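So the chains spell out like this:
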Amino acid sequence: MNILKKLKQIRHKEPGIREFCIQTIRFKKFLENARALLDLFEDGREKALGEYIFDRHYVVTLIDSVIERLGMMVYDGCVLVPESGEKLYTTYDTHKRTARNLIDFSGIVKKAVSPGDVTPETSKTVDQEYQLLSEALQWFNGKDAPLDSTVMAFMKQIFLKVIQGHGSSEVIKNRSLFENSCGKIPDMGIYLIDLWKDQLALPEGNSSINDFNSIPLNHLLMDAGGKDLKAHPNPDWIAAVGEYQLSLNSLRADFQFHLVTLATGDADADFIFIFADDAAILDTLLPPGFHTENTGYGQFAWNLGISEKTIEDSLMIIGRNLFN
Amino acid sequence: MSKPLEVLLLDDEPIVGRRLKPALVKIGCRVEVFENPREAVARIGQKEFDIVVTDIRMEEMDGLQVFKHVQEKWPRTKVIMITGYAKIDLAREAMGKGVFDFIAKPFRPDDLRQIIANAAEALGAPIDFSSMGDELVEA
């Protein structure tokens, strides 16, 4: 089912809840685009390090794919934080120019070198395809590239803007929206929204999280209450769930925490992403295997391409550390 | 193997021939490299190669035209197509017409060497990789 068909199924009548659902789905798309960019970087790195045969067409396609995917990420960022749109697109245009310069410059050099002039001894130094790939990798995420000039640096900027926007979002801070819509005290202090169904909370008279058919939510709470989920008088969390998806947000004004995970059983697609404005929290929360990035605003952590077992174990540990 | 495999390698991107030729020579192939498909076809007209490795997408003449020419002139010759991801469907279709196999760029020389070995086997002239041990690793 494509995303448009799924969106049509979100029939929450409360506009605030609908907006929350749409933001949640858009943020997941944003993460998927970021992940695709990291995969492109990795593909290029592998080709540069390994003994691969590739041509100029491969490198040009790689550069074009990075620009295309970066554009999708910028678009997602603008949807999530519209006030950042102008700045993000200005920087994106700079990256598009960098990409074109890379490709065009390499073309000029290529024409200047006649194959007949290349000796076996010097051929390694004048293979334009390898030179172009090396320059592209520097632009993607090069350690020697000027500060803030890489695609990775720009991705971090977008992330920061999106996370800051998310933290100050009216919807996520509107605790009464979820209180009024749920109308009951939730288990574990977590308000729940089913992303794809025409219901906000649980059936009348039933307040068990176990009634939600969400694999990642079950993993998260497996060791944090188990079957004895207790109603919590002071809810601090809002979770949007689907069968394979979970987006958990803190409702507390003094603590920004955002966990997004996909647990389909397909290691190539599944991931866990976490942001916390207090880096110390993540230090005690995370199992091994996570990549972390510190910023002045907080800490990002992610684990990509993980097996079904690892995602289950990781969510279980995170849930235990978070809720116990 | 008593007689070296005669291989014609055609790709209009010079880097492919430059990087592949040494890798194939190391497994005992005698390799002629071409960047111009017309020159390659002219050479095929003169000499029977055991294996022709050709890019599928070239400006003057595409790999399928080269394959047709080989098939008419030397039906025993095995043709292997090099293709980009965008042309994989075309390469699969070509296999239905008699192309021996295809390989998608980017690829490792070892991947092509394996296909060459399969083609050699089909020609009744198997390549003995075990006797090449260290040399192959260095390649």
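Structure first, text after, so check above.
Rules and cut-offs
Each chain has its residues counted from 1, running along the sequence as written. By the order in which they are written, chains take letters starting at A while ligands take numbers starting at 1. Residues qualify for local features only when their pLDDT is at least 70, as the model is predicted, and side-chain atom pairs are given and counted only at 80 or more; totals for whole chains, interfaces and linings, by contrast, use all residues. Hydrogen atoms and water are omitted, and side-chain values are computed over all heavy atoms in the structure. Under the DSSP-based scheme used, a helix requires at least four consecutive residues in state H or I and a strand at least two consecutive residues in state E, with every element numbered from the N terminus. When accessible area is computed with a 1.4 Å probe and restricted to protein chains, residues below 20% of their type maximum are described as buried, those above 50% as exposed, and intermediate ones as partly exposed. Here a residue-residue contact requires only that any non-hydrogen atoms of the pair lie within 4.5 Å. Calculation of accessible area relied on Shrake-Rupley with a 1.4 Å probe; when residues are assessed, cover is drawn exclusively from the protein chains displayed. Each pair of strands is called paired provided DSSP finds at least two bridges between the two strands. We call a crossover right-handed when, viewed with the strands running away from us, the connection from the first strand over the helix to the second turns clockwise. As used here, buried area is the combined drop in accessible area, with a 1.4 Å probe, of two parts when they are placed together. Any carboxyl oxygen of Asp or Glu within 4 Å of a side-chain nitrogen of Lys or Arg constitutes a salt bridge here. Any pair of nitrogen or oxygen atoms within 3.5 Å is treated as a polar contact; in protein, a donor-acceptor pairing is required on top of that, and neighbouring residues in sequence qualify only through side-chain atoms on both sides. An arc is given here, and it is the one of the directions from the helix axis to the C-beta atoms. Only rings of Phe, Tyr and Trp enter the pairing, Trp through its six-membered ring, and a pair is recorded when the two centres are within 6.5 Å. The plane angle decides the type: under 30 degrees is stacked, over 60 is edge-to-face, the rest tilted. Here, a charge over a ring is recorded when the distance from Lys NZ or Arg CZ to the ring centre is within 6 Å and its angle to the ring normal is within 35 degrees. The term nonpolar core refers to a set of buried residues drawn from Ala, Val, Leu, Ile, Met, Phe, Trp, Tyr and Cys, joined through side-chain atoms within 4.5 Å. What fixes the domain bounds is an automatic or database domain assignment. Think of each axis as a best-fit line through the C-alpha atoms, taken over the contacting stretch in the case of a helix, with angles from 0 to 180 degrees between the N-to-C directions. Should an angle fall under 35 degrees it is taken as roughly parallel, and over 145 as roughly antiparallel, whereas 65 to 115 is taken as roughly perpendicular and any remaining angle as oblique. For any helix crossing, the convention is left-handed if the near helix is rotated counterclockwise from the far helix by under a right angle, and right-handed if that rotation is clockwise. Polar here means any residue outside two lists: the nonpolar Ala, Val, Leu, Ile, Met, Phe, Trp, Tyr, Cys and Pro, and the charged Asp, Glu, Lys and Arg; Gly therefore counts as polar.

1. Quick look at the overall build of chain A
Then comes step 1: Within chain A, the secondary structure is distributed over 12 helices and 7 strands.
Then comes step 2: Across the 324 residues that make up chain A, the buried fraction comes to 49%.
Then comes step 3: For chain A, the share of sequence-separated contacts (at least 6 apart) that also reach a separation of at least 24 residues comes to 66%.
Then comes step 4: Summed over its atoms, the accessible surface of chain A is roughly 15500 Å², and 52% of this surface lies on carbon and sulfur atoms.

2. Points about the overall build of chain B
Then comes step 1: A tally of regular secondary structure across chain B gives 6 helices and 5 strands.
Then comes step 2: In chain B, buried positions account for 48% of the 139 residues.
Then comes step 3: For chain B, contacts bridging at least 24 residues in sequence account for 63% of all contacts bridging at least 6.
Then comes step 4: Surface accessibility of chain B: about 6800 Å² in total, with carbon and sulfur atoms responsible for 47%.

3. With respect to the pairing of strand 3 (residues 51-55) of chain B
All names here are of chain B.
Then comes step 1: In terms of burial, strand 3 is a largely internal element, 5 of the 5 residues being buried.
Then comes step 2: Across the two faces of strand 3 the burial is the same, with Ile51, Val53 and Asp55 and Val52 and Thr54 all buried.
Then comes step 3: Of the strand pairs in this sheet, strand 3 and strand 4 (residues 78-83) are connected by 5 bridges, and their pairing is parallel. Residue pairing in the sheet places valine 53 in a bridge with isoleucine 80 of strand 4.
Then comes step 4: Taking the sense of rotation as the criterion, the β-α-β connection linking strand 3, helix 3 (residues 63-73) and strand 4 turns out right-handed.

4. Observations regarding the interface of chain B and chain A
Then comes step 1: With 15 residues of chain B in contact, the opposing surface of chain A contributes 16 residues.
Then comes step 2: For the pair chain B and chain A, the summed buried surface comes to about 1600 Å²; carbon and sulfur atoms form 55% of the total.
Then comes step 3: Along the contact surface separating chain B from chain A lie 4 salt bridges.
Then comes step 4: Seen at the junction of chain B and chain A, the total is 7 residue pairs in polar contact (both at pLDDT 80 or more).

5. Structural notes on helix 3 of chain B
The α-helix winds at 3.6 residues per turn, so residues separated by three or four positions along the chain end up facing the same way.
Residues and elements named next belong to chain B.
Then comes step 1: When we look at burial in helix 3, the residues that qualify are Gly63, Val66, Phe67 and Val70. Down the axis of helix 3, the buried set is contained in an arc of 100°. They therefore lie on one face. Set apart from the buried face of helix 3 by more than 90 degrees, the exposed residues are Lys68 and Glu72.
Then comes step 2: Of the surrounding secondary structure, the elements contacted by the buried residues of helix 3 are strand 1 (5-10), helix 2 (37-46), strand 3 and strand 4.

6. Topic: the packing of aromatic side chains
Then comes step 1: Inspection of the entire model under this criterion finds 17 aromatic pairs over all chains.
Then comes step 2: Pairing tryptophan 237 of chain A with phenylalanine 257 of chain A gives two aromatic rings, centres 5.6 Å apart and planes at 90°, and the pair type is edge-to-face. Of this pair, tryptophan 237 of chain A sits in strand 2 (residues 237-241) while phenylalanine 257 of chain A sits in strand 4 (residues 257-262), and the two are 20 residues apart along the sequence.
Then comes step 3: Here a set of aromatic residues connected by ring pairs shows up, and it is made of Phe27, Phe30, Phe159, Phe273, Phe275, Tyr297 and Phe300 of chain A.
Then comes step 4: Lying across the ring of tyrosine 52 of chain A, lysine 47 of chain A places its NZ or CZ 4.6 Å from the centre.
Then comes step 5: One Lys or Arg, lysine 73 of chain B, reaches over the ring of tryptophan 74 of chain B and ends 5.5 Å from the middle of that ring.

7. Quick notes on unusual backbone geometry
Then comes step 1: Here the bond from lysine 105 of chain B into proline 106 of chain B is cis, since omega is -5°, no more than 30 degrees from zero.
Then comes step 2: Within the element layout of this structure, proline 106 of chain B appears in the loop between strand 5 (101-104) and helix 5 (109-122).

8. Concerning the nonpolar core
The tendency in soluble globular proteins is for nonpolar side chains to be buried side by side.
Then comes step 1: Ranked by size, the top nonpolar core spans 75 residues in total, and within it Met155 and Phe273 of chain A together with Ile116 of chain B carry the most contacts.
Then comes step 2: The element contributing the most residues to this core is helix 3 (residues 56-80) of chain A, with 12 residues.
Then comes step 3: Looking at which domains feed residues into this core, each of domain 1 (14-112 + 121-167) and domain 2 (175-322) of chain A supplies at least three.
Then comes step 4: With sequence-adjacent residues up to four places away left out, methionine 155 of chain A is seen in contact with Ala34, Leu37, Leu38, Phe41, Leu70 and Met73 of chain A.
Then comes step 5: Among the nonpolar cores identified, the runner-up in size contains 31 residues, and Ile190, Leu246, Leu248 and Phe255 of chain A belong to it.

9. Thoughts on the packing of helix 2 (residues 15-49) of chain A against helix 3 of chain A
All names here are of chain A.
Then comes step 1: Across the interface, helix 2 lies against helix 3 with an axial gap of 9 Å and an inter-helix angle of 160°. One element, helix 2, and the other, helix 3, form an angle in the roughly antiparallel class. Crossing of helix 2 against helix 3: the hand is left-handed.
Then comes step 2: Across the contact of helix 2 with helix 3, the residue classes break down as 16 nonpolar, 5 polar and 6 charged.

10. Comments concerning the sheet that holds strand 6 (residues 291-294) of chain A
Residue and element names in this part refer to chain A.
Then comes step 1: Within the open sheet, the 7 strands sit side by side as 1-2-3-4-5-7-6. Their pairing is mixed. Each having just a single partner strand, strand 1 (190-194) and strand 6 make up the two edges of the open sheet. Shown here is a sheet whose adjacent strand axes are inclined to one another by a mean of 10°, direction ignored.
Then comes step 2: Sheet topology places strand 3 (residues 245-250) next to strand 4; 5 bridges connect them, and they run antiparallel. Opposite leucine 246, over in strand 4, you have threonine 261 as the bridge partner.
Then comes step 3: The sheet contacts of helix 2 involve strand 1, strand 2, strand 3, strand 4, strand 5 (271-276) and strand 7 (299-304), and relative to strand 4 the element is tilted by about 70°.

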